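A structural walkthrough
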Amino acid sequence: MIVLYLLLGALVLALIVAVIRTFGFKPSDNVVSLKETPIDETRAVESLSKMIQFKTISHADGNLIELKAFEDFQNYLKSRYPLINQHATFTLFDKAMLFHIKGDSKDDPIVLMSHYDVVPTEGSWSFPPFSGKVTSTHVCGRGTLDTKSSLNAIMEATEHLLKSGKRFNRDIYLAFGGDEEVSGISAPMITEHLKSQGITPAMVLDEGGAIVTGMFPGVKKKAAVVGIAEKGFMNLRLVVESAGGHASSPPASSPLTELAAAISKLNNHPAFQMRLSAPVKALFDTVARHSTSFGIRMIFANLWLFLPIVKLLAKSSGGELLSMFKTTQAFTQAKGSDAINVLPARAEVGVNYRIAIHESTDRVLSRIKTIINNPNIKIEVLEASEPTTVSQTDQMFDTLATAINSTWKDVVVTPYLMVATTDSRHYHAISDHVYKFSPMDVSKDDLKKIHGIDEDISIENVHQGVRFYIHLLSQF
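Everything numeric here is computed off the predicted structure, so don't read it as measured data.

Turning our eyes to something else, we now look at the overall build of the protein chain. Counting its secondary structure elements, the protein chain contains 15 helices and 16 strands. Taken over the C-alpha trace, the protein chain has a radius of gyration of 25 Å; the compact-globule value for 476 residues is 23 Å, and the two agree within 12%. Considered along the principal axes of its C-alpha atoms, the protein chain spans approximately 75 × 70 × 45 Å. For the protein chain, restricting intrachain contacts to residue pairs at least 6 apart in sequence, the fraction spanning at least 24 positions comes to 82%. When the accessible area of the protein chain is evaluated, it comes to approximately 22,100 Å², of which 54% is carbon and sulfur surface. Mean positive and mean negative side-chain charge positions of the protein chain (47 and 49 charges, respectively) differ by 5 Å.

Before going further, it helps to spend a moment on a nonpolar patch on the surface. There is a patch of nonpolar side chains on the surface, built from I309, L313 and L321 and spanning about 240 Å² of accessible area. Structurally, I309 can be placed in helix α10 (residues 303-317).

Turning next to helix α5 (residues 148-163). The end-to-end C-alpha separation of α5 is 22 Å, in line with the 22 Å expected for 16 residues at 1.5 Å each. Burial within α5 is extensive, with 14 of its 16 residues counted as buried. Immediately downstream of α5, the backbone of G165 shows phi near 90°, a positive value.

For the rest of this paragraph, the subject is the sheet that holds strand β12 (residues 346-355). Spatial ordering of the open sheet is given by β10-β12-β8-β13, a layout of four strands whose pairing is antiparallel. Of all strands in the sheet, those bounded by a partner on one side alone are β10 (328-335) and β13 (378-385). Taking each pair of neighbouring strands and ignoring which way they run, the sheet shows an average axis angle of 20°. Where strand β8 (residues 232-241) lies against β12, 10 bridges are found, and the strand directions are antiparallel. Bridging from a neighbouring strand, E241 pairs with R346 of β12. The strands that helix α12 (residues 361-372) touches are β8, β12 and β13; relative to β8, the one it contacts most, it runs at about 30°.

Each aromatic ring pair is specified by the distance between its two centres and by the angle formed by the two planes. Scanning the entire structure with this criterion turns up 16 aromatic pairs. Here F397 and Y435 contribute two aromatic rings whose centre-to-centre distance is 5.6 Å and whose plane-to-plane angle is 80°, an arrangement assigned as edge-to-face. Here the residue F397 occupies a position in helix α13 (residues 395-407), and Y435 occupies one in strand β15 (residues 434-441), the gap between them amounting to 38 residues. Take F397 and Y435: they sit in the same class, and that class is buried. Put simply, the rings of F54, F70, F73, Y76 and Y116 touch in pairs and so form one group of aromatic residues.

Taken as a whole, this structure holds 17 salt bridges when the rule is applied. Residue D441 pairs with K222 through a salt bridge whose shortest N-O separation is 2.6 Å. You can see D441 sitting in strand β15 and its partner K222 sitting in strand β7 (residues 222-230), a full 219 residues away along the chain. Across the salt bridge formed by R237 and E380, the nearest N and O atoms sit 3.0 Å from each other.

Our focus in this paragraph is the side chain of S150. Relative to the elements of secondary structure, S150 occurs in helix α5. If near-sequence neighbours (up to four positions away) are discounted, S150 is found in contact with S114, S438, P439 and Y469.

Right, let's get into the nonpolar core. Of all hydrophobic cores here, the largest spans 95 residues; its most connected members are L77, F176, F300, I404, F468 and L472. The dominant element in this core, judged by the number of residues it contributes, is helix α15 (residues 459-473), at eight residues. Excluding its chain neighbours within four sequence positions, the residues that come into contact with F468 are L205, L400, A403, I404, T407, W408, F437 and P439. One finds V351, I355, I372 and I377 within the second-largest nonpolar core, a separate group that totals 20 residues.

At a minimum axis distance of 11 Å, the contact between helix α3 (residues 67-80) and α5 shows a crossing angle of 25°. By the angle class used here, α3 and α5 are roughly parallel. As α3 runs across α5, the sense of the crossing is right-handed. Contacts from F73, L77 and R80 of α3 reach α5 at K148, L151, M155 and E156. In terms of residue class, the contact of α3 with α5 is made up of four nonpolar, no polar and three charged.

With that settled, the discussion passes to the side chain of E230. Along the chain, the position of E230 falls in strand β7. Reaching out from E230, the side chain makes a polar contact with the side chain of T422 at a distance of 2.3 Å. Residues in contact with E230, not counting those within four places in the same chain, are I357, P387, T388, L417, M418, A420, T421, T422, S424, R425 and K436.

For α10, the set of buried residues is L303, F306, L307, V310 and A314. Once α10 ends, the next one or two residues include G318, with phi positive near 65°.

Procedures and definitions
Numbering of residues starts from 1 in each chain and follows the order in which that chain's sequence is written. In keeping with the predicted nature of the model, local features appear solely for residues at pLDDT of at least 70, side-chain atom pairs appear and are counted solely at 80 or more, and the whole-chain, interface and lining totals rest on all residues. Calculated side-chain values reflect all of the structure's heavy atoms, with hydrogen atoms and water omitted. Strands here mean DSSP runs of E at least two residues long; helices mean DSSP runs of H or I at least four residues long; both are numbered from the N terminus. Radius of gyration: over C-alpha atoms. The globule rule applied is 2.2 Å multiplied by the number of residues raised to the 0.38 power. Between two residues, a contact is recorded if the distance between any of their heavy atoms is within 4.5 Å. Accessible surface area values rest on a Shrake-Rupley calculation with a 1.4 Å probe, where residue burial reflects the displayed protein chains alone. Only four residue types enter the tally: Lys and Arg on the positive side, Asp and Glu on the negative side; His and the chain ends are excluded. By convention, charge coordinates are those of NZ in Lys, CZ in Arg, CG in Asp, or CD in Glu. Patch definition: residues above 30% relative accessible area lacking any salt bridge, with like charges linked at up to 9 Å and the nonpolar side chains Val, Leu, Ile, Met, Phe, Trp and Tyr linked at up to 5 Å. In the sections that follow, a salt bridge refers to a side-chain nitrogen of Lys or Arg positioned within 4 Å of a carboxyl oxygen of Asp or Glu. Helix span, as expected, comes to 1.5 Å for every residue beyond the first. Burial status follows relative accessibility: with a 1.4 Å probe on protein chains alone, a residue under 20% of its type maximum counts as buried, one over 50% as exposed, and anything between as partly exposed. Between any two strands, at least two bridges found by DSSP are needed for them to pair. The axes are straight lines fitted to the C-alpha atoms, using for helices just the contacting stretch, and the angles between their N-to-C directions are given from 0 to 180°. Two aromatic rings from Phe, Tyr or Trp, using only the six-membered ring of Trp, form a pair when their centres are within 6.5 Å; if the ring planes differ by under 30 degrees the pair is stacked, by over 60 it is edge-to-face, and anything between is tilted. In plain words, nonpolar cores are sets of buried Ala, Val, Leu, Ile, Met, Phe, Trp, Tyr and Cys residues tied together by side-chain atoms within 4.5 Å. Under this scheme an angle from 65 to 115 degrees is roughly perpendicular, one under 35 degrees roughly parallel, and one over 145 degrees roughly antiparallel; angles in between are oblique. Each crossing is labelled by how the near helix is turned from the far one, with a counterclockwise turn of less than a right angle marking it left-handed and a clockwise turn marking it right-handed. Residue polarity is assigned by list, with Asp, Glu, Lys and Arg as charged and Ala, Val, Leu, Ile, Met, Phe, Trp, Tyr, Cys and Pro as nonpolar; anything else, Gly included, falls into the polar class. Under this definition, polar contacts are N or O atom pairs within 3.5 Å; protein pairs additionally need one hydrogen-donor-capable and one acceptor-capable atom, and for neighbouring residues in sequence, both atoms have to be side-chain atoms.

Structure follows, in C-alpha cells:
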C-alpha cells in the first residue's frame, strides 16, 4: 500500500510540475517591424516568366539533356543583370554558376543558393509548362516553385541593391546548380572549390522549408520553417536471379516469392528506432508555444513526461511527422517477368531510405542485410548520401529570422528537420550555418504542385521573395 501511495504521489507531483511548466511555456517577445521596400514589381515578374521559358530539364540519362537550354539560361543571367556581372567574378562548374561579389572583407562570406534545372513534365497541363504564362495572380510553369523563383529573387534583390549603391561588408557568393534534380556534380564541385580556397561561409542559404499554415493544432500564426539539418538517403535494389521457366510448373520458391518474403520482413520489422533529434525538438519548442490549446502546450512543454504520447501520435498518423523521428523506407519499384506465363529469370525491387540524423548508411545497410537474411538476394546500393550535421541557431539564424519577419507579418520562425534533400547538404562540410528556406508563403495545394502538374507561384510570392533577399543582404 505504501508503494501505491508513493506512485500516486509521484504522479501528482509530476502533473503539478507539468502544469507549472505549461504556464511558463510562452512565445518570446522579440518583435521585428515590417519594412516597406519598394521594388520594380513588374520587372521581377517578367524576369521569372522569362526564366521559366528555358527548358532546363534534368534527366538521369545525360543524353536527353538539352545543353543549349542551359547555356541560353546562363547567357540570359549575364544580359539581364549587368550590375551583378560588372561587380562579380563568374565561374562555371559543369552546369552550375558561381557569382563572386567582393565586399569589404573576404572573411565570413555569405552563400545564397538555388538551382535552375527542373524535372520533366508529365500529364495534361492547363497551360504549356514552359510558357511562363502570367495571369492576374500567378506566374505559371515548371520551375516556378522549384526553384527558379528563389534564383530570380536572389538576382533581382542583388541587382536592386547594387543599383542603390550598396557596398557589402563581406564577400557574397551566388551559387546556382544545374543538376540538383538528379543529385549531380555541380554542388560538390563548388563546395570543393570553396574548400580549396580556405573559405568558411558564415551563412549558406538554399531552398528548403517555407511559410506554412496549420503547423500545429491551435497555432493560428503561420510558421516559417527553416531547415537546419537534412536526413540522408539511400536507394537500394534487391535482386534475385534464377533459371526462369514456364509458369505451368513453378518451383517451391521463385525470385518474386523470395523478394515478397524480404519485403514482408522489412515492412514488419521495427528496424528503426524513433528518436527526438535537436532540430525536431527545436521545432516543437518554438511553434507549440503559440498554440491556443492548453493541452498541446502542456504536452510539448513537458516532453520529458509526454514524449511517448507524441511518438504514439507520430506512429498512428505517419507521414512527415513520423519521418521526423526515424529512418523511413519506401518500396517504390518492382520488376519481374515481361510475360504473365513466364517465370522471371530476374526480379528486382527498388527501396528508398531516408536516414535519420542519428543513423548512418552503413548501419542501415547492415540492419537490412540482417533482417532479410537470404543469401539469394543481392543488395545493390544505387546511391547514398549521409545525414548532415546540425547547423547552429545563433546570431546568423537570428539574422535570417529578422529578414523573414521584416517581410511577412505575424510569422513564427522556427528550426526544422528537412526530410528531403537539397544541394546545400554538401556545404555542411565547410559551414556550421547552412539553412534551408524558400521565401514563399505556400498552401498544401501549392506543395502538391512541386514536381507535379500545373506548377505555378503567386505574384505576391514573387514580389515578397525579392523583398526578403533585400532585407537579408541589407544586413551584410
